[in-house]
Amino acid sequence: MKQDSLPFDARPDPVIGAALRRALDPGDHQRFVARVLARAEQLRTASWDAVLAGWARVGVAAAMIVALAAGYLVGRGGTAAPGRATVPDALLAPSTPAAPVEVVFASVIGN
Amino acid sequence: MTDPPDPPAPLPQPPGEAARIGQQNEADLVAHALAGDRAAFGTLVERYAATARRVARAVLGDPDDADDAAQDGMLSALLKLEQYDPRRPFGPWLLRIVANAATDRRRRRTVRRVEPLDPGLVAGGARPDRTAERRALAQRLREALAELPERRRVAVVLFDVEGYSHAEIADVLGIPEGTVRSEVFHARRRLRALLGDWKEDA
């Protein structure tokens, strides 16, 4: 074993190293590796689930907004002012008779 | 603390020069892992699992807690892989995350689970065979290690067990290199005394 005369020896001490390795080694290396990899796989799956869940939340929110907007427009259409004519109504409506002023003005020109 | 049955010799880790040689390879592995290559991440876990577990155990003592912390650290590293600088060695970067995970877990732990020492061991009782003797020495070493400050424990494990340089350990612990040298020195002094006593007892 090395002595303390080289306190800051830059090389590992093989005796202490081997003894500590034996003392700290928990064994069952492959089982631990398998456990970590299985957990990593779960994390990957969970992260994908989170992404999909996020998309689903956005989709539901968008659908609700569309439904609300559609409901609003339909409701507004049903309660629209009755006096407001649409383009087809205006085209199909009978023409209005000329105003009396216009008739007078035409007779003056004719004279 | 439980003492597991004699484990098979751990796979050699890539410390020091070996780590530097494998650095490029590891940068490639990280790049592949970032791209979703599960086998690449598996290779990194396989390569560093033993070191991460020992470092976590040096911090926490309890092997189950240490495994949980090592796992937390490795998964945390997976989530932070894009922050890794491929020009630097991967090992110290990973072990810093693992050591932090272990430290966090130790802080959260409200009740410290310490099993009492074997009375025969405390009394220096008879050691029936070599396996029992090795287990007893390991137990005494863990107890001695537990008496050291946390930073000192991690420093000596990274230096003497894992073969990292003082500079790399300074990177892991976030302290100056000179402080690492001092921590390793003090830890060794305590552990050498213990090992010396053990030899004399034997």
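Refer to the structure printed above.
Residues numbered from 1 in each chain as written. Chains lettered and ligands numbered in written order. Predicted model: local features only at pLDDT ≥ 70, side-chain atom pairs only at ≥ 80, totals over all residues. Heavy atoms only, no water.

**Here we look at the overall build of chain B**
Across its full length, chain B holds 10 helices and zero strands. From first element to last, N terminus to C terminus, chain B shows the α and β order α-α-α-α-α-α-α-α-α-α. Split into buried and exposed, the 202 residues of chain B put 49% on the buried side. A sequence separation of at least 24 residues applies to 72% of the contacts in chain B between residues at least 6 apart. (Helix = DSSP H or I, 4+ residues; strand = E, 2+ residues; numbered from the N terminus. Buried < 20%, exposed > 50% of the residue type's maximum accessible area, 1.4 Å probe, protein only. Contact = heavy atoms within 4.5 Å.)

**Regarding unusual backbone geometry**
Residue and element names in this part refer to chain A. Phi at Asp28 takes a positive value of approximately 55°, unusual for a residue other than glycine. Considering the arrangement of structural elements, one finds Asp28 in the loop between α1 (14-24) and α2 (29-78). Under the relative-accessibility criterion, Asp28 is labelled partly exposed at 44%.

**A look at the interface of chain A and chain B**
How big an interface is tends to be expressed through the accessible area that disappears when the partners come together. In this assembly, 36 residues from chain A lie in contact with 42 residues from chain B. Taking both partners together, chain A and chain B bury about 4,000 Å²; carbon and sulfur atoms supply 65% of that area. Of all residues in chain A, the largest losses of buried area upon contact with chain B belong to Arg21(A), Leu24(A) and Phe32(A), amounting jointly to 17% of the total for that side. Summed over the shared surface of chain A and chain B, the result is four salt bridges. The partner of Arg192(B) in a salt bridge is Asp13(A), with the nearest N and O atoms 2.9 Å apart. (Buried area = accessible area lost by both parts, 1.4 Å probe. Salt bridge = Lys/Arg side-chain N within 4 Å of Asp/Glu carboxyl O.)

**Considering the packing of aromatic side chains**
Residues and elements named next belong to chain B. According to the stated counting rule, one finds four aromatic pairs over all chains in the structure shown. Seen in terms of ring centroids, Phe90 and Trp93 are 5.7 Å apart; in terms of plane orientation they differ by 40°. Their pairing is tilted. Of this pair, Phe90 and Trp93 are both found in helix α5 (residues 90-108), three residues apart, which corresponds to roughly one turn of the helix. Considered together, Phe90 and Trp93 belong to a single accessibility category, that of buried residues. Taken together, the ring pairs in this structure connect Tyr48, Tyr84, Phe90 and Trp93 into an aromatic cluster. (Phe/Tyr/Trp six-rings, centres within 6.5 Å; stacked < 30°, edge-to-face > 60°.)

**Points about the packing of α1(A) against helix α3 (residues 38-60) of chain B**
Across the interface, α1(A) lies against α3(B) with an axial gap of 10 Å and an inter-helix angle of 85°. Relative to α3(B), the element α1(A) is oriented roughly perpendicular. Of the residues in α3(B), those in contact with Arg21(A), Ala23(A) and Leu24(A) of α1(A) are Arg54(B), Arg57(B) and Ala58(B). When grouped by side-chain class, the residues that make up the contact of α1(A) with α3(B) number three nonpolar, no polar and three charged. (Axes fitted to C-alpha atoms, helices over the stretch in contact; angles between N-to-C directions. Parallel < 35°, antiparallel > 145°, perpendicular 65-115°, else oblique. Nonpolar A, V, L, I, M, F, W, Y, C, P; charged D, E, K, R; others polar.)

**Points about the side chain of Gln71(B)**
Relative to the helices and strands, Gln71(B) resides in helix α4 (residues 63-79). Overall, Gln71(B) belongs to the buried group, its relative accessible area being 9%. Setting aside its immediate chain neighbours within four residues, Gln71(B) contacts Phe32(A), Arg35(A), Val36(A) and Arg39(A).

**Some points on the environment of Ala58(B)**
The residue Ala58(B) is located in helix α3 in this model. Judged by its relative accessible area of 3%, Ala58(B) falls in the buried class. For Ala58(B), the residues in contact, after removing those within four places along its chain, are Leu24(A), Leu145(B), Arg153(B) and Val157(B).

**Brief notes about the nonpolar core**
By size, the foremost hydrophobic cluster in this structure holds 46 residues, and its most contacted members are Met74(B), Phe90(B), Trp93(B), Leu94(B) and Leu158(B). At the level of elements, α2 of chain A together with α2 (23-34), α3, α4, α5, α8 (150-161), α9 (166-173) and α10 (177-201) of chain B are the ones that each hand at least two residues to this core. Looking at which element gives the most residues to this core, the answer is α3(B), with 11 residues. Residues in contact with Met74(B), not counting those within four places in the same chain, are Phe32(A), Val36(A), Phe41(B), Leu44(B), Val45(B), Tyr48(B), Ala49(B), Ala52(B), Leu94(B) and Val98(B). Counting residues in each nonpolar core, the second largest holds 21 residues, with Ala19(A), Leu137(B), Ala144(B) and Trp198(B) among its members. (Core = buried A, V, L, I, M, F, W, Y, C linked by side-chain atoms within 4.5 Å.)

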